[in-house]
Amino acid sequence: MTAVSVDNGISQQRRLVTSIPGPVSTALLARKDGAVSAGVGITLPVFVDKAGGGVIVDVDGNSLIDMGSGIAVTTAGNANPYVADAVAAQAHAFTHTCFMVTPYAGYVEVCEALNRLTPGDHPKRSALFNSGAEAVENAVKVARSFTRRQAIVVLEHGYHGRTNLTMGMTAKNMPYKNGFGPFAPEIYRVPTSYPFRDGPHGGKEVALWATTRIEKEIGGHNVAAIIVEPIQGEGGFIVPAPGYLTALAEYAAANGIVFVADEIQSGFCRSGDWFASEHENIVPDLITTAKGIAGGMPLSGLTGRADIMDAVHAGGLGGTYGGNPVACAGALGAIRWMEENDACGRARAIESIMVPRLRDIQANLPHVGDIRGRGAMLAIELVEPGTTNPNGTLAADLNKFCHRNGVVTLTTGTYGNVFRFLPPLTMPDHLLEEALSVLQQGFEECA
Ligand code: PLZ
């Protein structure tokens, strides 16, 4: 299958006309350093002019292949006309009223879509927010309100955001938490299933370590929620071993604990299904969504069992901008594009192109310890040859090589040694192949 032509009128090619970054980007970077807090880091300092299909065009006229989608956001493609047209029309009609003051249909329509598309046929309700972290915070609020319990269980290698509560829920210290404490109490971390590093221990066994820890250190009856990423994103694209998530979900159900799937990175067709929970037939009580939901507009959602979502007192959930009408229009456009163009099928096609090429690379390179992921959410974990010792240096060198050569790539993982691929689903096949060829050259030069 070839990509649908949602290219925003931009020639779909990798084309470098200056070094990376070019002179105009370099001048803007100097202005950035003089104006923007040094705390805001940048992965690849090419300043963007326009983007669409599978490319980003920078202010120097370079055209780069986008293998990051702005961290899994432009799943429907950048400036996808379904999104851009809906956003423009809504912006001309009205930009804001605050849904809590005078409501509008777009918010309700996004909630209806979330209730319909998320796993499970039970009655559901949703609420909308601005960022992923805010959706996670609200999942905690709802679970505590429903259960009248306080403890929150999260996983090793988990990532849930940068607000105070979600920093505490996030595992990795640098760069997310260092010096920013104290963090909120009543957050407990338990073992995650990491097949590449778990040796002979299968999913059920690791789940038993986790639930035993909960029993002994917290007491199941004190736990409001267990929050998992069905595929861990910032932790290193870790796909848990079969049985792990099911066992945790069963433990939660047996103990009156709200089981929450954070699908902020893995949701909206990214993994080859609407939600990664579906791969293990998990039906979470609550699901958080953001990123891919709205084609680049800031929007997040919390969706789940009606009895849980409705347990909160009226007025208990909200915020000035939550479910902003322009963002909702973007979401309805992105969702319509995904449904009409079999976006999940496209994600699976991307997997079937990429995985054999990655396996070819692995066959000749002892540095590639693991290839994993699903759909258009794939990664390779780099190690020191003959060991499982993380090789973060190689990941960083490779990343720089790809950037110099016009491919926008991202690393991830607790050890910084995972090279991840998150192409927009509008990426044409020939650019996907070309990005992999650049990666292969990168290995030849860096390994
Ligand atoms: N939950 C599973 O992946 C965001 C973070 C990038 P926000 N991941 C990218 C960075 O360095 O800040 C994420 C996620 C999962 C929650 C979040 C948080 O979403 O929209 O960034 O708040």
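Up top you'll find the structure we're talking about.
To keep things clear, this report deals only with the structure shown in the data block. (Residues numbered from 1 in each chain as written. Predicted model: local features only at pLDDT ≥ 70, side-chain atom pairs only at ≥ 80, totals over all residues. Heavy atoms only, no water.)

## Here's the deal with the site of the ligand
Part 1 of the reasoning: Near the ligand lie 15 residues; those nearest to it are Gly-132, Ala-133, Arg-162, Asp-262 and Gln-265.
Part 2 of the reasoning: Contact distances for the ligand include 3.3 Å between an oxygen atom and a side-chain N or O atom of Tyr-159.
Part 3 of the reasoning: Within the side chain of Glu-234, an N or O atom sits 3.4 Å from a nitrogen atom of the ligand.
Part 4 of the reasoning: For the shell around the ligand, the per-class residue count stands at five nonpolar, five polar and five charged. (Near = heavy atom within 4 Å. Polar contact = N/O pair within 3.5 Å; in protein donor to acceptor, adjacent residues only side chain to side chain. Nonpolar A, V, L, I, M, F, W, Y, C, P; charged D, E, K, R; others polar.)

## Quick notes on helix H13 (residues 429–446)
Part 1 of the reasoning: Helix length check: H13, at 18 residues, gives a terminal C-alpha distance of 26 Å against a target of 26 Å (1.5 Å per residue), a fit within 8%.
Part 2 of the reasoning: If you check which residues of H13 are buried, you get Leu-431, Leu-432, Ala-435, Leu-436, Val-438, Leu-439, Gly-442 and Phe-443. Each buried residue of H13 lies within a common arc of 155° when the element is viewed along its axis, so the set occupies one face. Exposed residues lying more than 90 degrees from the buried face of H13 are Glu-444 and Glu-445. (Helix = DSSP H or I, 4+ residues; strand = E, 2+ residues; numbered from the N terminus. Expected span 1.5 Å × (residues − 1). Buried < 20%, exposed > 50% of the residue type's maximum accessible area, 1.4 Å probe, protein only. Arc of directions from axis to C-beta.)

## Points about unusual backbone geometry
Part 1 of the reasoning: A cis geometry characterises the amide bond from Ile-20 onward to Pro-21, with omega recorded as -5°.
Part 2 of the reasoning: Structurally, Pro-21 can be placed in the segment before helix H1 (23–35).
Part 3 of the reasoning: The omega torsion of the bond from Met-174 to Pro-175 falls at 0°, within 30 degrees of zero and hence cis.
Part 4 of the reasoning: If you trace the backbone, Pro-175 turns up in the loop between helix H6 (164–169) and strand E6 (187–190).

## Quick word on the environment of Asn-324
Part 1 of the reasoning: By the element assignment, Asn-324 lies in the loop between helix H9 (306–309) and helix H10 (325–340).
Part 2 of the reasoning: Residue class for Asn-324 comes out buried when judged on its relative accessible area of 16%.
Part 3 of the reasoning: The spacing of Asn-324 and Leu-128 is 196 residues in sequence and 8.6 Å in space, taken between C-alpha atoms.
Part 4 of the reasoning: For Asn-324, the residues in contact, after removing those within four places along its chain, are Thr-95, His-96 and Tyr-104.
Part 5 of the reasoning: Separated by 2.8 Å, the side chain of Asn-324 and the backbone nitrogen of Val-326 make a polar contact.
Part 6 of the reasoning: In this structure the side chain of Asn-324 is engaged in a polar contact, spanning 3.1 Å, whose partner is the backbone nitrogen of Ala-327. (Contact = heavy atoms within 4.5 Å.)

## A short note on the sheet that holds strand E13 (residues 407–408)
Part 1 of the reasoning: Taken in spatial order, the four strands of this open sheet run E1-E2-E3-E13, and their pairing is mixed. Strands at the two margins of the open sheet, each flanked by one partner only, are strand E1 (48–52) and E13.
Part 2 of the reasoning: Sheet topology places E1 next to strand E2 (residues 55–58); four bridges connect them, and they run antiparallel. If you follow Gly-52 over to E2, its bridge partner there is Val-55.
Part 3 of the reasoning: Against the sheet, H13 engages E2, strand E3 (63–66) and E13, with an angle of about 95° to E3. (Pairing = 2+ DSSP bridges. Axes fitted to C-alpha atoms, helices over the stretch in contact; angles between N-to-C directions.)

## Focus on the pairing of strand E8 (residues 258–262)
Part 1 of the reasoning: Burial analysis of E8 places five of its five residues in the buried class, which makes it a mostly covered element.
Part 2 of the reasoning: Of the two faces of E8, the one holding Val-258, Val-260 and Asp-262 and the one holding Phe-259 and Ala-261 are both buried throughout.
Part 3 of the reasoning: The pairing of strand E7 (residues 223–228) with E8 spans four bridges and is classified as parallel. Of the residues in E8, the one forming a bridge with Ala-225 is Val-258.
Part 4 of the reasoning: In this view, the connection linking E7 to its parallel neighbour E8 by way of helix H8 (residues 244–254) has right-handed handedness.
Part 5 of the reasoning: Relative to strand E9 (residues 286–289), E8 runs parallel, the two being bridged by three bridges. Following the sheet pairing, Ala-261 is matched in E9 by Ile-287. (Right-handed = clockwise from strand over helix to strand, strands pointing away.)

## Some remarks on the packing of helix H3 (residues 81–93) against H10
Part 1 of the reasoning: The contact between H3 and H10 brings their axes to 8 Å, and the two run at 155°. Relative to H10, the element H3 lies roughly antiparallel. Crossing of H3 over H10 shows right-handed handedness. Residues Tyr-82, Val-83, Ala-86, Val-87, Gln-90 and Ala-91 of H3 form the contact with H10, whose participating residues are Pro-325, Val-326, Ala-329, Gly-330, Gly-333, Ala-334, Arg-336, Trp-337 and Glu-340.
Part 2 of the reasoning: Split by residue class, the contact of H3 with H10 holds ten nonpolar, three polar and two charged. (Parallel < 35°, antiparallel > 145°, perpendicular 65-115°, else oblique. Left-handed = near helix turned anticlockwise from the far one by under 90°.)

## Notes on the pattern of salt bridges
Part 1 of the reasoning: Applying the stated criterion to the full structure yields 15 salt bridges.
Part 2 of the reasoning: Two residues, Arg-420 and Glu-234, come together in a salt bridge whose shortest N-O distance is 3.1 Å. With Arg-420 in strand E15 (residues 418–421) and Glu-234 in the loop between E7 and H8, this residue pair connects regions lying 186 residues apart in the sequence. One exposure class covers both Arg-420 and Glu-234, and it is buried. (Salt bridge = Lys/Arg side-chain N within 4 Å of Asp/Glu carboxyl O.)

## Some words on the side chain of Ser-69
Part 1 of the reasoning: Its location among the elements puts Ser-69 in helix H2 (residues 69–72).
Part 2 of the reasoning: The buried category is assigned to Ser-69, whose relative accessible area is 1%.
Part 3 of the reasoning: At 3.4 Å, the side chain of Ser-69 forms a polar contact with the side chain of Arg-270.
Part 4 of the reasoning: In this structure Ser-69 touches Thr-74, Arg-270, Leu-422, Pro-423 and Pro-424, once residues within four positions along its chain are discounted.

## Notes on the packing of helix H11 (residues 343–363) against H13
Part 1 of the reasoning: Direction vectors running N to C along H11 and H13 enclose 25°, while the axes themselves pass 11 Å from each other. By the criterion of interaxial angle, the relationship of H11 to H13 is roughly parallel. Like other packed secondary-structure pairs, H11 and H13 cross with a definite hand, here right-handed. On H13, the residues touching Arg-346, Ile-350, Ile-353, Met-354, Arg-357, Leu-358 and Ile-361 of H11 are Asp-429, Leu-432, Glu-433, Leu-436, Ser-437, Leu-439, Gln-440 and Phe-443.
Part 2 of the reasoning: Along the lines of polarity and charge, the residues of the contact of H11 with H13 split into nine nonpolar, two polar and four charged.

So, to be careful, I would describe these as geometric facts and stop short of saying anything about function.
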